[in-house]
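Chain and residue survey
Read off the chains here:
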Amino acid sequence: MTILGIVIGVAGVIIIISLGAGAQSLVLGQVTKLGTNLVGVLPGQSNENGPPAAVFGIQIKTLSLRDLEAIKDKSKVPYAEAVAGFVSGNATIISGRESVDTSFVATDGTYPKVQNVEMEKGEFFTEEESNAGNNVIVLGHDVAQSLFGDIDPLGQVVKIKIPNNNPGLNSEVGSIPFRVIGVQKKLGTVAFQNQVFIPFSIGQRQLLGIDYLQFIRIKVNDSNNVKATIEDVTRVLREQHRIKNPSDDDFSVRDLADAIKLLTGITDTLSLFLSLMAGISLIVGGIGIMNIMLVTVSERTREIGLRKAIGATRQNIRNQFLFESIVLTLSGGVLGIILGIVISYLIALGARFAGYDWAFIISPTAIILAVAVSIITGIIFGLYPALKAARLDPIVALRYE
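Residue indices follow the written sequence of each chain, beginning from 1 at its first position. Reporting in this predicted model follows two pLDDT cut-offs: at least 70 for local features of residues, and 80 or more for side-chain atom pairs to be given and counted; totals over whole chains, interfaces and linings ignore these cut-offs and use all residues. Computation of side-chain values: all heavy atoms of the structure, hydrogens and water removed.

1. Examining the overall build of the protein chain
Which entries qualify depends on this criterion: Each helix is a run of DSSP H or I of at least 4 residues and each strand a run of E of at least 2, with the numbering of both proceeding from the N terminus. Accessibility here uses a 1.4 Å probe with only protein chains present; expressed as a share of the type maximum, an area under 20% marks a residue as buried, one over 50% as exposed, and anything in between as partly exposed. Note on contacts: a residue pair is in contact if any heavy atoms of the two residues lie within 4.5 Å.
When you go through the protein chain residue by residue, the secondary structure sums to 12 helices and 10 strands. Within the protein chain, the proportion of its 401 residues that are buried is 45%. Put simply, of all contacts in the protein chain between residues at least 6 apart along the chain, 76% involve residues at least 24 apart.

Shown next, in the form of C-alpha cells:
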C-alpha cells in the first residue's frame, strides 16, 4: 500500500506516453499514405507555428468557388495535376429500417485523383454529375456493410436526413434521396471507412446551407514542385482576394510536411500535458511514503538510540532511512513500469483488433524518466524522515517506549 501511489503514477506516465506515440503513428501513417505531393488550402490566416482556426471547427468563409476555379487554371498554377475543393459535415444515412450516423464529404469528380480513392464496386461520380447536382452517392466500406450487409448496394436508394441545426436549410424537405453508384475499397484501418461522398452542390447548399469552401487540396505533378506550387497558389489567392500585404492573408497554404510537423507538435504537447497530470500521483505517492517513514522513525526510536550508543553517526542513520525510502520508491517505479508496459500492450492489441493500424511503442526515454523520477521522489520525500531520525538524542531515544 505504501508504494501504490508510485506504481500508479509511473504506470500512468508509461501508458500515456505509449498511447500518445501510438496515436501519433496512426495519424501520421494515415496522412503520409495520401502522398508527399499534396498541398492544402484552408480558410483563415495562420503562422508557421500553428494551424488556422478552421482546424478547430471555427467557420471562416474566405474560400470560394471562384478561388477553386482560379487555382485550377493551368496558366496560373502549372504544376497542379488535380485540384479538388470540398466541404464536409455529419449526417444520418437511411436505407429502409437501417440507419447510420456518419460523415459526408461533398466534392467533385476530381477528388479520387487527389486523394487516391480506390473503388471496391461501381465508380466515383464524374465532374459532370457533380456540376449537374445529380443525386448520386459513393458509400464508404463500413457504411455499405452497415446498411446492406451482403446485398449489393449498387443501384439502391438511400436517404440523407437533413440536419436541423444548420442555418439556411429547408427543414420541410426532411431528407434527400441518393442513388448508390459506388463503394469505396476497404482500407487498412477503419479511420476513413465510415463516410460517404456526394456531389459538392448538394452537400454545400442542401445539407450545410453554406456558399463557401472548407478546404481545397491540390495534387502536384512532382514532389520537387511542391514549394513552387505553394508560391503559385499563394499568389493566385492574393490576387483573388486583392491582398497586397502578406500579413493580411485570409487563407493558409500548407504542404504535407507542414501538416505532419503540426500534428507531431500537437500530439507531443498533448502527451506532455497528460504525463504531467499523471505525474501528480507521484507526488501523492511520495507524500504517502514520507508519512510511512515518519511512522517508522517513531516505531524504531529505541533502535536508533541503540545504534547511536554503539557508535553510529548522524550520517549513518540518515543514509539508512534515506536508502530505505529510495528502495521503496524504486520498487514502486519498477512495478509501475511493468504494469504500464503490459497495459499499453493490451491497448495496442485491442486497437489492432478493432482495425486500427496502431503501433505498440514504448519509449526508452519514458522508462529512464520513470526510474529517475522514482529515485528523486524517494530522496525528496525520504530526506525529512531521515534527518529527523539522524537528529534524535541517543539517551532520549534509548528511554523511548
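2. Thoughts on the side chain of Glu129
Stated precisely, the cut-off is as follows: Positive charges come from Lys and Arg, negative ones from Asp and Glu, while His and the chain ends are left out of the count. Take a side-chain nitrogen of Lys or Arg and a carboxyl oxygen of Asp or Glu: if they are within 4 Å of each other, that pair is a salt bridge. Contacts described as polar in this section are N or O atom pairs within 3.5 Å, which, within protein, must combine one atom able to donate a hydrogen with one able to accept it, while residues neighboring in sequence count only if both atoms come from side chains.
On the secondary structure map, Glu129 appears in helix α4 (residues 127–132). As a buried residue without a salt bridge, Glu129 has its nearest oppositely charged side chain in Arg179, at a separation of 4.9 Å. Reaching out from Glu129, the side chain makes a polar contact with the backbone nitrogen of Thr126 at a distance of 2.9 Å. Non-local contacts of Glu129, meaning those with residues more than four positions away in its chain, are made with Asn134 and Ile181.

3. Thoughts on the packing of helix α10 (residues 314–353) against helix α11 (residues 364–390)
Let me state the cut-off plainly: Helix axes use the C-alpha atoms of the stretch in contact, all axes being lines fitted to C-alpha atoms, and the angles between their N-to-C directions lie in the range 0 to 180 degrees. Note that the term roughly parallel is reserved for angles under 35 degrees, roughly antiparallel for angles over 145, roughly perpendicular for angles of 65 to 115, and oblique for everything else. Handedness of a helix crossing follows the sense of rotation of the near helix relative to the far helix, less than a right angle counterclockwise being left-handed and clockwise being right-handed. Gly is put with the polar residues, along with every residue not named as nonpolar or charged; the nonpolar set is Ala, Val, Leu, Ile, Met, Phe, Trp, Tyr, Cys and Pro, and the charged set is Asp, Glu, Lys and Arg.
Between α10 and α11, whose axes approach to 7 Å, the crossing angle comes to 150°. Viewed along their axes, α10 and α11 adopt a mutual orientation that is roughly antiparallel. The interaxial crossing formed by α10 with α11 has right-handed handedness. Its residues placed into classes, the contact of α10 with α11 shows 18 nonpolar, seven polar and two charged.

4. Examining the packing of helix α2 (residues 65–72) against helix α7 (residues 226–240)
At a closest axis distance of 10 Å, the pairing of α2 and α7 adopts a crossing angle of 140°. In this view, α2 runs oblique relative to α7, as classed from their interaxial angle. Seen from above, α2 lies across α7 with right-handed handedness. Contacts from Arg66, Asp67, Ala70 and Ile71 of α2 reach α7 at Val233, Val236, Leu237 and Gln240. Its residues assigned to classes, the contact of α2 with α7 shows five nonpolar, one polar and two charged.

5. Topic: the nonpolar core
To keep things clear, this is the line we draw: To define a nonpolar core, start from buried Ala, Val, Leu, Ile, Met, Phe, Trp, Tyr and Cys residues and group those joined through side-chain atoms within 4.5 Å.
With 48 residues, the main nonpolar core has Ile71, Ile137, Ile216 and Ile218 as its most contacted residues. Leave out the neighbours within four places in its chain, and Ile71 touches Val77, Val83, Ile216, Ile218, Val233, Val236 and Leu237. Counting residues in each nonpolar core, the second largest holds 17 residues, with Val10, Val297, Leu322 and Ala370 among its members.

6. Section: the environment of Met119
Structurally, the position occupied by Met119 is in strand β4 (residues 119–122). A residue is classified by how much of its surface remains accessible, and Met119, at 25% relative accessible area, is partly exposed. With 22 residues separating them along the chain, Met119 and His141 place their C-alpha atoms 9.4 Å apart. In contact with Met119, other than residues within four places in its own chain, are Phe124, Val138, Gly182, Val183, Gln184 and Lys185.

7. Section: the pairing of strand β1 (residues 38–43)
Within a regular strand, side chains alternate between the sheet's two faces. The condition is simple: A strand pair is defined by DSSP finding two or more bridges across the two strands.
Burial runs high along β1: six of the six residues are buried. A two-sided burial pattern is seen for β1, the buried positions comprising Leu38, Gly40 and Leu42 on one face and Val39, Val41 and Pro43 on the other. Sheet topology places β1 next to strand β9 (residues 215–220); four bridges connect them, and they run antiparallel. Each residue of the ladder has a partner; that of Leu38, found in β9, is Lys219. As paired elements, β1 and strand β10 (residues 251–255) share five bridges and run antiparallel to each other. Across the sheet, the residue bridging to Val41 is Val253, located in β10.

8. What to know about the pattern of salt bridges
Inspection of every chain in the model, using the stated rule, returns four salt bridges. Asp232 is the partner of Arg235 in a salt bridge, and the nearest nitrogen-oxygen pair spans 3.1 Å. Of this pair, Arg235 and Asp232 both sit in helix α7, three residues apart, which is roughly one turn of the helix. Its relative accessible area of 12% is what places Asp232 among the buried residues.

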